[in-house]
Amino acid sequence: NAGVTQTPKFQVLKTGQSMTLQCAQDMNHNSMYWYRQDPGMGLRLIYYSASEGTTDKGEVPNGYNVSRLNKREFSLRLESAAPSQTSVYFCASSEAGQLRDEQFFGPGTRLTVL
Amino acid sequence: AQTVTQSQPEMSVQEAETVTLSCTYDTSENNYYLFWYKQPPSRQMILVIRQEAYKQQNATENRFSVNFQKAAKSFSLKISDSQLGDTAMYFCAFMTYVNDMRFGAGTRLTVKP
């Protein structure tokens with residue numbers, strides 16, 4: 001099992017460009033998440049998907065869109081990148097979205113917006 | 001507000017010694033789970049230990065244990081017999097609402113040989 005995979009690992013964008021971060025999990029998990037990690041701030045939830053076909057905003061959704069393509073895949077799109085979106089982005093998944101569930105994380109994507 | 005505070009940005013410990021990482025949180029809910037995640041230099045986040053708020057007994061996982069003080073809203077992580085592989089960022093987190101995990105800013109732990 002690969003667990004949670006993310007592509008790309010690194011990306012540099014210019015202000016105003018768009019891009020999509022891809023995430024896939026092979027653990028048959030129902031819930032998937034996108035976080036951003038900034039220095040001194042821990043991880044903050046951008047969007048999550050409790051099940052296939054549903055998505056909901058997290059703590060910092062502005063400037064992002066998501067798509068739960070199927071049970072395995074959950075993508076994050078930046079329509080018009082801004083320097084404030086420079087961050088490390090993590091995708092995660094959990095089995096059933098219960099309070100006790102462990103979240104399994106991908107290796108992250110380091111995004112720089114110039 | 002659902003917040004998590006880790007007051008120690010950096011800590012170090014000698015190999016084989018014991019270290020305690022602090023975490024406090026704020027919530028008005030009674031039912032929640034608390035977690036410690038480890039992020040080594042590879043960046044891959046890994047669950048270390050978790051604790052249900054309704055359980056009084058502190059969770060343990062091999063060399064890792066917690067001191068959960070519900071009234072004080074404190075959830076510290078103790079690492080015994082520290083090993084070089086324990087060098088990592090450690091994040092305290094909690095979840096009161098399903099799918100809404102809140103993380104602290106992290107503590108960078110260095111284990112020295």
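Here, the structure is the one placed above.
Residues numbered from 1 in each chain as written. Chains lettered and ligands numbered in written order. Predicted model: local features only at pLDDT ≥ 70, side-chain atom pairs only at ≥ 80, totals over all residues. Heavy atoms only, no water.

Asker: Which residues make up the overall build of chain B, and what values go with them?
Answerer: Of regular secondary structure, chain B possesses zero helices and 12 strands. If you list the helices and strands of chain B from N to C, you get β-β-β-β-β-β-β-β-β-β-β-β. Relative to the globule expectation of 13 Å for 113 residues, the C-alpha radius of gyration of chain B, 13 Å, shows essentially globular dimensions. Oriented by its inertia axes, the alpha-carbon framework of chain B measures out at about 40 × 25 × 20 Å. Of the charged side chains in chain B, 11 are positive and 10 negative, and the gap between their average positions amounts to 2 Å. (Helix = DSSP H or I, 4+ residues; strand = E, 2+ residues; numbered from the N terminus. Rg over C-alpha atoms; globule rule 2.2 N^0.38 Å. Lys, Arg positive; Asp, Glu negative; His and termini not counted. Charge placed at Lys NZ, Arg CZ, Asp CG, Glu CD.)

Asker: I'd love a proper account of the packing of aromatic side chains, names of residues and values included.
Answerer: Under the counting rule described, the total for this entry stands at 14 aromatic pairs over all chains. Look at tyrosine 25 of chain B and phenylalanine 94 of chain B: their rings are 5.6 Å apart centre to centre, the planes differ by 40 degrees, and that puts the pair in the tilted class. Residue tyrosine 25 of chain B is located in strand 4 (residues 24-26), and its partner phenylalanine 94 of chain B is located in strand 10 (residues 88-97); the two are separated by 69 residues in the primary sequence. Residue class for phenylalanine 94 of chain B comes out buried when judged on its relative accessible area of 1%. Feature note: the residues Tyr33, Tyr35 and Phe105 of chain A together with Tyr33, Phe35, Tyr37 and Phe103 of chain B constitute an aromatic cluster, connected by ring pairs. (Phe/Tyr/Trp six-rings, centres within 6.5 Å; stacked < 30°, edge-to-face > 60°. Buried < 20%, exposed > 50% of the residue type's maximum accessible area, 1.4 Å probe, protein only.)

Asker: Got a sec to walk through the nonpolar core? Specific residues and values, please.
Answerer: Note that soluble globular proteins tend to have their nonpolar side chains buried in a common cluster. Residue and element names in this part refer to chain B. Judged by nonpolar contacts, the single largest core of 25 residues is most densely connected at Tyr25, Trp36, Phe75, Leu77 and Tyr90. Counting residues per element, the ones that place at least two in this core are strand 3 (19-21), strand 5 (33-39), strand 6 (46-52), strand 8 (64-69), strand 9 (74-79), strand 10 and strand 12 (107-112). Ignoring sequence-local partners within four residues, the contact set of phenylalanine 75 consists of Cys23, Tyr25, Leu34, Phe35, Trp36, Gln51, Val66, Asn67, Phe68 and Cys92. (Core = buried A, V, L, I, M, F, W, Y, C linked by side-chain atoms within 4.5 Å. Contact = heavy atoms within 4.5 Å.)

Asker: Give a description of the interface of chain A and chain B that names residues and reports values.
Answerer: Of the residues lining the interface, 29 residues belong to chain A; the matching set on chain B comes to 23 residues. Together chain A and chain B conceal approximately 2100 Å² of surface at their shared face, both sides included; 51% is due to carbon and sulfur atoms. When the buried surface of chain A facing chain B is broken down by residue, Leu99, Arg100 and Phe105 of chain A rank first, second and third, together holding 32% of it. A salt bridge links glutamate 59 of chain A to arginine 102 of chain B; its shortest N-O distance comes to 3.9 Å. At the boundary of chain A with chain B, the tally comes to seven residue pairs in polar contact (both at pLDDT 80 or more). Elements supplying a minimum of two residues to the side of chain A that touches chain B: strand 4 (31-37), strand 5 (43-49), strand 9 (87-94) and strand 11 (109-113) of chain A. No other element matches the four residues that strand 4 of chain A contributes to the side of chain A that touches chain B. Looking at the side of chain A that touches chain B residue by residue, the classes come out as 13 nonpolar, 10 polar and six charged. (Buried area = accessible area lost by both parts, 1.4 Å probe. Salt bridge = Lys/Arg side-chain N within 4 Å of Asp/Glu carboxyl O. Polar contact = N/O pair within 3.5 Å; in protein donor to acceptor, adjacent residues only side chain to side chain. Nonpolar A, V, L, I, M, F, W, Y, C, P; charged D, E, K, R; others polar.)

Asker: Residues and numbers for the pattern of salt bridges, please.
Answerer: When charged atoms on two side chains of opposite charge get close, those side chains can pair. Residues and elements named next belong to chain A. Overall, the coordinates contain seven salt bridges over all chains when judged by the stated rule. Between aspartate 38 and arginine 36 there is a salt bridge, with the nearest N and O atoms lying 2.9 Å from each other. With relative accessibility at 10%, the residue aspartate 38 sits in the buried group. Judged by relative accessible area, which is 9%, arginine 36 ranks as buried.

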